[in-house]
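Below, each chain spelled out in residue letters.
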Amino acid sequence: MALRPVMVNIKALDHSMVGRFWADALGWSAYSSGATTYVGPPGGFVWPDPVVLGIDVVPVPKAKTPTKNRMHLDLATTSTAHQAELVRHVKALGATPVDVGQGKVPWTVLADPEGNEFCVLEPREVYRDTGPIAAVVVDCANPRVMARFWDEATDWILHEVTDDHAVLRSAKGVGPYVEFLRTPDTKTVPDRVHLDLLPYPGDDKTAEVTRLRTLGATDLDPGQGDVPWSCLTDPEGHEFCVLALP
C-alpha cells in the first residue's frame, strides 16, 4: 500500500480569483467544481492527473497572516530570458515581490494576490522536464525525519537526503519534485498550503490512514465536520489530507 500526492491545496478568500491567477501563471486552465477552483493542464478536466500535481484553491473565511508559508511552489524556467518574462508576466497578473530574508539570490521571490509566496527560479538542468512547477518546497527542522516519513507514506522515490535537504519525485520520473529544506524558523500558524494524497484503486483509505499513524502522523480536526477525506499532520506538524477515491 502507498499513497500518491495528487494536489497542492491552497486556501484563499477568493478561490476563483486565486485559481485564475495560478492558471494564467502556469499556462494551465482553471476548472470550477462547485466550492473550489481546480487548476490543471489545458485540454479538459482530468483528475487525478497522471503526471502533474494540480492545484486546488479552497475558500476560507480568514486572510493569510504576515507569517511566511511553510510550503511554497518553485516555478521552472528554461533560460534567463524566460525567467525575466515569467516574472513580468506574473507581476502583471497581480504578483508582488516579497522579502523573506533571501538576500542576493538568482531566483525571484514573489507572492500571489493573497500573499502566498512562490519563487521563479533561474534555469536549472534538474528541472528541465518537470513542467511549469519545478518543486513543492517544504520548510522543516529535520529533512532526514521528513524524508523518512514521506518516503514511507507515498510511492514517490527518495532521490537525495542530507542534514539540510531531502528530495522526492514520482516513481514515474515525471512532474515536480517535493523538497524538504532545513530552515531555522518554526511552525507557528496553520499551513495555508498543503499536499493532498490519494489511495490507489483497490486500496482502503481507512487502512492507509491507520498506516500513516504508525509512521508518525497525527490526526487533525480543523473543524471540517463530516467529510470524506481525513486530515492529519506529519511528524513536524505540517497538515495534509488523505482523499477518498472518486
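Our subject is the structure listed above.
Being a predicted model, the structure only gives us computed values, none of them experimental.

1. Details of the overall build of the chain
Each helix and strand in the chain was counted, giving 4 helices and 16 strands. The C-alpha atoms of the chain give 17 Å as radius of gyration, which agrees with the globular expectation for 246 residues (18 Å, within 12%). The principal-axis extents of the C-alpha atoms in the chain amount to approximately 50 × 40 × 35 Å. Counting the 246 residues in the chain, one finds 47% classified as buried. Counting every atom, the chain has about 11200 Å² of accessible surface; 56% of that belongs to carbon and sulfur. Charge-centre separation for the chain: the mean point of 22 positive side chains lies 3 Å from the mean point of 33 negative side chains.

2. Focus on the pairing of strand E13 (residues 193-199)
Most of E13 is tucked away: 7 of the 7 residues are buried. Pairing geometry for strand E1 (residues 3-12) and E13, over 7 bridges, is antiparallel. Its bridge partner being in E13, Arg4 is matched across the sheet by Leu198. Across 3 bridges, the pairing between E13 and strand E16 (residues 239-242) is parallel. If you follow Leu195 over to E16, its bridge partner there is Phe240.

3. Concerning the state of the cysteines
Going through the model one piece at a time under the given rule, you end up with 0 disulfides. No disulfide involves Cys119; its sulfur sits 16 Å from that of Cys140, the nearest cysteine. Judged by its relative accessible area of 9%, Cys119 falls in the buried class. Judged by its relative accessible area of 0%, Cys140 is buried.

4. Some points on the sheet that holds strand E4 (residues 54-59)
Neighbouring strands of a sheet are bound in pairs by backbone hydrogen bonds; such pairs are parallel or else antiparallel. With respect to topology, 8 strands assemble into an open sheet ordered E2-E3-E4-E1-E13-E16-E15-E14, the strand pairing being mixed. A single partner strand is all that each edge strand has here, and the edge strands are strand E2 (29-32) and strand E14 (218-219). Its contacts with the sheet place helix H1 (residues 15-26) against E1, E2, strand E3 (37-40) and E4, and it is angled at close to 160° to E4.

5. Regarding the layout of surface pockets
Roughly 1200 Å³ of volume is contained in the largest pocket. The wall of the largest pocket is formed by 47 residues, among which Asn9, Lys11, Val58, Val60 and His194 lie closest to the centre. Listed by contribution, the elements that provide at least two residues to the lining of the largest pocket are E1, E4, E13, strand E15 (230-233) and E16. Of the residues that constitute the lining of the largest pocket, the class distribution is 24 nonpolar, 11 polar and 12 charged.

6. A word on the side chain of Asp56
Mapping Asp56 onto the fold places it in strand E4. Buried charge without a partner: Asp56 forms no salt bridge, and the closest opposite charge is Lys11, 10 Å away. Filtering out sequence-adjacent residues up to four positions away, Asp56 remains in contact with Met7, Val8, Asn9, Ile10, Thr36, Thr37 and Tyr38.

Procedures and definitions
- Residues numbered from 1 in each chain as written.
- Predicted model: local features only at pLDDT ≥ 70, side-chain atom pairs only at ≥ 80, totals over all residues.
- Heavy atoms only, no water.
- Helix = DSSP H or I, 4+ residues; strand = E, 2+ residues; numbered from the N terminus.
- Rg over C-alpha atoms; globule rule 2.2 N^0.38 Å.
- Buried < 20%, exposed > 50% of the residue type's maximum accessible area, 1.4 Å probe, protein only.
- Areas by Shrake-Rupley, 256 points an atom, 1.4 Å probe, with all protein chains shown as cover.
- Lys, Arg positive; Asp, Glu negative; His and termini not counted.
- Charge placed at Lys NZ, Arg CZ, Asp CG, Glu CD.
- Pairing = 2+ DSSP bridges.
- Disulfide = S-S within 2.5 Å.
- Contact = heavy atoms within 4.5 Å.
- Axes fitted to C-alpha atoms, helices over the stretch in contact; angles between N-to-C directions.
- 1 Å grid on protein atoms, 1.4 Å probe; cavity = no way out; pocket = protein on both sides within 12 Å on 5 of 7 lines; lining within 4 Å.
- Points joined across faces, edges and corners; volume = space filled by probe spheres on them.
- Nonpolar A, V, L, I, M, F, W, Y, C, P; charged D, E, K, R; others polar.
- Salt bridge = Lys/Arg side-chain N within 4 Å of Asp/Glu carboxyl O.

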